[in-house]
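# Understanding the architecture of this molecule
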Amino acid sequence: MKRILFILLAIFLPQLSTLAEEIHFDNEIYKLKYSAIAPQTKGYGNEYFRNTENVGNWTKMIGVYYYPEVSNPIKYAQDFDKTVENTENSVLLKLIENKKADKAAISFLVNGCENAKKYFEYDIYRFEKNPNKGMMVLKFAVKHYFTNTSEINAIAENIKKNNDKYLETIITSPIPLLIEKNICIHE
């Protein structure tokens, strides 16, 4: 009996964690704090933030997005790649395509400024077909604030060192199920 219970837990526990309004990633807990229909994509978006952060004030976040009108994740990733490469304040780090699985992932940096503080936003996106229709997108983003060149160099080294690890983690992580309710929590 214990063996059957263990097998059932091993099968269903991973799925149960994807239904929760929390995501555990890289030894941190992210809570669902923003969910809404996206008018541009006609799909839903969920955004998860660490406990003390929210949509208006964050340093790390995870996004789960549904694009019902997009049917080719590889083509979408290639177009996304071109946009990143042609945007003045962005730098492409890596694009990975798996044409057999119809999945792609991209990592890049965006240079930004908010509240007079400069930062690099490190982004990873994974694009894959939704089993029913459209495409699912999983996003991981981190803002690295800096004030001088030595901090920029440290950020660059950190990203260079960890980019492949984060890409692999995003590629192998299950995409959480979308929670379709409009919420916006500002704490």
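In the block above lies the structure referred to throughout.
Structure report, in brief. What you are looking at is a predicted structure, and each value in this text was computed from that prediction instead of being measured. (Residues numbered from 1 in each chain as written. Predicted model: local features only at pLDDT ≥ 70, side-chain atom pairs only at ≥ 80, totals over all residues. Heavy atoms only, no water.)

## Comments concerning the overall build of the chain
In terms of regular secondary structure, the chain is built from 3 helices and 9 strands. Mapped in sequence order, the helices and strands of the chain form the string α-β-β-β-β-α-β-β-β-β-α-β. The 187 residues of the chain split such that 43% are buried. Look at the contacts in the chain between residues 6 or more apart in sequence, and 53% of them connect residues 24 or more apart. Element-wise, carbon and sulfur atoms account for 55% of the exposed surface of the chain, whose accessible area totals about 11,400 Å². (Helix = DSSP H or I, 4+ residues; strand = E, 2+ residues; numbered from the N terminus. Buried < 20%, exposed > 50% of the residue type's maximum accessible area, 1.4 Å probe, protein only. Contact = heavy atoms within 4.5 Å. Areas by Shrake-Rupley, 256 points an atom, 1.4 Å probe, with all protein chains shown as cover.)

## Things to note about the pairing of strand β6 (residues 103–114)
Where strand β5 (residues 90–98) lies against β6, 8 bridges are found, and the strand directions are antiparallel. Across the sheet, Leu 95 pairs through a bridge with Ile 106, a residue of β6. Between β5 and β6, which pair antiparallel and follow one another directly, the connecting turn spans 4 residues, one of which, Asp 102, has a positive phi of 60°. Taken together, the 12 bridges between β6 and strand β7 (residues 117–129) define a ladder with antiparallel strand orientation. Opposite Lys 103, over in β7, you have Glu 128 as the bridge partner. Hairpin connection between β6 and β7: a loop of 2 residues separates the two successive antiparallel strands, and Asn 115 in this loop has a positive phi of roughly 50°. (Pairing = 2+ DSSP bridges.)

## So, the layout of surface pockets
When its volume is computed, the largest pocket comes out at roughly 260 Å³. Forming the boundary of the largest pocket are 13 residues, of which Asn 130, Pro 131, Met 136, Leu 177 and Leu 178 lie nearest the centre. (1 Å grid on protein atoms, 1.4 Å probe; cavity = no way out; pocket = protein on both sides within 12 Å on 5 of 7 lines; lining within 4 Å. Points joined across faces, edges and corners; volume = space filled by probe spheres on them.)

## Let's talk about the packing of aromatic side chains
Each pair of aromatic rings is reported with the distance of its centres and the angle of its planes. Following the criterion strictly, the structure yields 15 aromatic pairs and no others. Within the aromatic cluster, the residues linked to one another by ring pairs are Tyr 67, Tyr 76, Phe 80, Phe 108, Tyr 125 and Phe 127. Cation over ring: Lys 143 sits above Trp 58, and NZ or CZ is 4.3 Å from the ring centre. Residue placement shows Lys 143 over the ring face of Tyr 119; its charged tip is 5.1 Å from the ring centre. (Phe/Tyr/Trp six-rings, centres within 6.5 Å; stacked < 30°, edge-to-face > 60°. Lys NZ or Arg CZ within 6 Å of the ring centre and 35° of its normal.)

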